[in-house]
Amino acid sequence: MNRSKYLWLVILAVAIVTPIAGDLVRGNYRWQMLPAIFSSILLLLSIAVLKFQVKLPLLFPCLIGLGIAGLLASAILSELFPVFTFPVPTGKYAVGTTSIDLVDRSRIELCDPSTKSVGVAYRRYRELVVQVWYPTTQTNGVKAPYLQDARLIPQGVFSHLGNVKTHAILDAPIARDIPYPVIIYTPSWSGFKTDNTFQTQELASHGFVVIGLEHPCSVPMAIYPSGRIIYSNLSADYTSSDEALATLLRVGEEQLVLRTQDIRFVLDRLPQIAREKPFKATFNLNKIGIFGHSFGGAAAAQACSIDSRLKAGMNMDGLLFGSAARQGASVPFFFMNSDYPRPTAADLSSINGSLRRAKQTDAWGYEQRDRWFQQHGGDNLTLLASAHMNFSDYPLRSRLHNGGGKISTDRAMKIINEYTVAFFDRALKGKSSSLLERQSGSSFPEVVFEHHAQPGSPTAHSDRGSE
C-alpha cells in the first residue's frame, strides 16, 4: 500500500489538534470540543493502522467514519450552543463597563439566612451590585466577559457562556464630552443585570450611561465582592392552576414593591456614583430614564408612576402591576410587544387549563396598554414573528428552546436597538427621529408601530412596516 496517499490524514489530524490544543492552553475549553477531540484521536489511530499495517480490513474505514462523525457532531453542537458574539455597537463611542457595590443601610435583607440569626450584629443590609455601561474613547483594553464571576457560569450545556466576551472594556475612562443622560435597566422575573447586554452596549455607544441592576432574592444567585451569596426564593411555576395564577398576582405585587425600592435607592445614590472614578460628574441627573424586560418592564412602569426623577420609560413585553396598571404614568413611555394576537371573549370561554390562563394574561396586557394610552398616550411596537425572549440576550445562547420567535435573532436585536435609541434620544436628549415621527416610512416591515397622542394632542398614528 502506498501510504503517502494518506498524508492528508496527518494534515487533517494536525489541523484538528492544533486549534483545540491552543484553546485548552488559553483556558477556553468547552464541552462542544469533545467530539472533535475524539475525532483527532481516531484519526491518529488511523495513521497508526496504516503505518503498522494492522491486518484488520474494516478497522481503517471504521476509524475514519467515526472520526468524521465526531467532527460533524462538534460542528452541530457548536452551532446549537455557540460561543456567540454580540452585535457591534453602532454609536460613535466605544463602550466601557464597571461594577459598583451599593449597600442600603435603611433596609434589612430579609431573605438572607444570616438575618435570622440572633442579634442585630448578624443582620445583613440590602445590597445591590450594579453594572454600569458608559461611553468611552478607549478602544483597547480587557474586554469584559459576559459572566464576570465564574460562579455564575452554568453547568452542563450552557457552560460555554463562560467563554463569551462582550464589546465593553473593563474600567475604561469615561469619554468626557458632555454630561450623559442616565438609563436604568431592570431585568425579568429571575433575570440578571447582564441579560440585555446587546441593548445596554448599544445605548452606551450612543452617549448614555446605563446602570443594570438585579434584585437579590429574585435573581437565582446574587454574588457580592465579599463572597457572600444569596439564592432566589422565587418559584417559576405560575401557570399550572388557577391558584398558581392567583399566587403570581400576589407575589408580583410584593416583588413590585421590593424592586421599586431598589430602583429608588439607586436613584438616591446616583449623585454619589457620578462623583466616583471613572465618571467624575459626567451624569446628567435631570435626564434619567428606565427600561426593563418582562417583569422588569412592570418595575420600570411602576417606578415611573411613583418617582418624578424618571423622565421616560420602556416596558418590553411585560404585564403591569401596582398603580401603573391602574393609572399609568405621565412621562413618555414606550411598550414593545412580542407577536401574539389579542384574545377574544370566545377564546377565553372555549379553552381550559394553562392555555386559558396564558390567554387571560395576554388579554390583561392588551387591556392595561389600552388604559395607559387613553390616559397618557405613548408609543406601542409589536415585533412580528417574535416571542417573549427576543427582547433579551437569550436567543443568542442556544438555537434550541431559546424562547425566541421565527424572526432572525440578529434582525430582532437590530430593530429593538434602533427603536430603543430613537426613543431615549427623543425623550432624554430632545432629538427628533424619523423612526418615531408620524409620517415616517419604516424600514422594518416586521414592525407594527403606533403612536398614541396624549389627550388633547394631535391624532395618534399607526405605521405597519413599510406598507
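Scope of this entry: the structure provided in the associated data block.

Rules used throughout
Residues numbered from 1 in each chain as written. Predicted model: local features only at pLDDT ≥ 70, side-chain atom pairs only at ≥ 80, totals over all residues. Heavy atoms only, no water. Helix = DSSP H or I, 4+ residues; strand = E, 2+ residues; numbered from the N terminus. Buried < 20%, exposed > 50% of the residue type's maximum accessible area, 1.4 Å probe, protein only. Contact = heavy atoms within 4.5 Å. Areas by Shrake-Rupley, 256 points an atom, 1.4 Å probe, with all protein chains shown as cover. Phe/Tyr/Trp six-rings, centres within 6.5 Å; stacked < 30°, edge-to-face > 60°. Lys NZ or Arg CZ within 6 Å of the ring centre and 35° of its normal. Polar contact = N/O pair within 3.5 Å; in protein donor to acceptor, adjacent residues only side chain to side chain. Expected span 1.5 Å × (residues − 1). Bend = angle between axes of the 7 residues up to and from the residue. Disulfide = S-S within 2.5 Å. Axes fitted to C-alpha atoms, helices over the stretch in contact; angles between N-to-C directions. Parallel < 35°, antiparallel > 145°, perpendicular 65-115°, else oblique. Left-handed = near helix turned anticlockwise from the far one by under 90°. Nonpolar A, V, L, I, M, F, W, Y, C, P; charged D, E, K, R; others polar. Core = buried A, V, L, I, M, F, W, Y, C linked by side-chain atoms within 4.5 Å.

**Side note on the overall build of the chain**
Phase 1 of the analysis: What the chain contains, in helices and strands, is 11 helices and 14 strands.
Phase 2 of the analysis: Sorting the 467 residues of the chain into buried and exposed places 51% on the buried side.
Phase 3 of the analysis: Counted over contacts in the chain with a minimum sequence separation of 6, partners at least 24 positions apart contribute 71%.
Phase 4 of the analysis: For the chain, the accessible surface area stands at approximately 21,600 Å², while carbon and sulfur atoms represent 58% of it.

**Side note on the packing of aromatic side chains**
Phase 1 of the analysis: Here the structure, examined in full by the defined rule, presents 21 aromatic pairs.
Phase 2 of the analysis: Relative to Phe 86, the ring of Phe 84 has its centre 5.2 Å away and its plane inclined at 85°; by these criteria the two rings are edge-to-face.
Phase 3 of the analysis: When its relative accessible area of 3% is taken as the criterion, Phe 86 is described as buried.
Phase 4 of the analysis: Geometrically, the ring pair formed by Tyr 185 and Phe 291 is tilted, given 5.1 Å between the ring centres and 40° between the ring planes. Linking Tyr 185 in strand E5 (residues 180-186) with Phe 291 in strand E9 (residues 283-293), this pair joins segments that are 106 residues apart in sequence. With respect to class, Tyr 185 is no different from Phe 291; both count as buried.
Phase 5 of the analysis: One cation-aromatic arrangement involves Lys 429 over Phe 208; the distance from NZ or CZ to the ring centre is 4.2 Å.

**Topic: the side chain of Glu 127**
Phase 1 of the analysis: With respect to the secondary-structure elements, Glu 127 resides in strand E2 (residues 125-136).
Phase 2 of the analysis: A polar atom in the side chain of Glu 127 sits 2.7 Å from the side chain of Arg 228.

**Remarks on helix H5 (residues 242-275)**
Phase 1 of the analysis: The terminal C-alpha atoms of H5, which comprises 34 residues, lie 50 Å apart, in line with the 50 Å expected from a rise of 1.5 Å per residue.
Phase 2 of the analysis: The sharpest bend along H5 reaches about 50° and sits at Arg 269, with the proline Pro 271 one to four residues further on.

**Some words on the state of the cysteines**
Between two cysteines, a covalent bond joining their sulfur atoms is known as a disulfide.
Phase 1 of the analysis: Applying the stated criterion across every chain, the model contains 1 disulfide.
Phase 2 of the analysis: Shown here is the disulfide that connects Cys 111 with Cys 217, its sulfur atoms set 1.6 Å apart. With the S-S bond torsion at -75°, the cross-link from Cys 111 to Cys 217 turns out left-handed. Of this pair, Cys 111 sits in the loop between strand E1 (94-108) and E2 while Cys 217 sits in the loop between strand E6 (209-212) and strand E7 (221-223), and the two are 106 residues apart along the sequence. Across the pair, Cys 217 and Cys 111 agree in class, each one buried.

**Description of the packing of helix H4 (residues 197-205) against helix H11 (residues 409-429)**
Phase 1 of the analysis: At a minimum axis separation of 10 Å, H4 and H11 run at an interaxial angle of 45°. In terms of axis orientation, H4 runs oblique to H11. Two packed elements cross with a definite hand, and for H4 against H11 that hand is right-handed. When H4 is examined against H11, the residues Phe 198, Gln 199, Glu 202 and Leu 203 are found in contact with a partner set consisting of Met 413, Ile 416, Asn 417, Thr 420, Val 421 and Phe 424.
Phase 2 of the analysis: Residue composition of the contact of H4 with H11, by class: 6 nonpolar, 3 polar and 1 charged.

**Observations concerning the nonpolar core**
Phase 1 of the analysis: By size, the foremost hydrophobic cluster in this structure holds 52 residues, and its most contacted members are Val 130, Val 209 and Trp 372.
Phase 2 of the analysis: Element by element, the count of residues in this core is highest for H5, at 11 residues.

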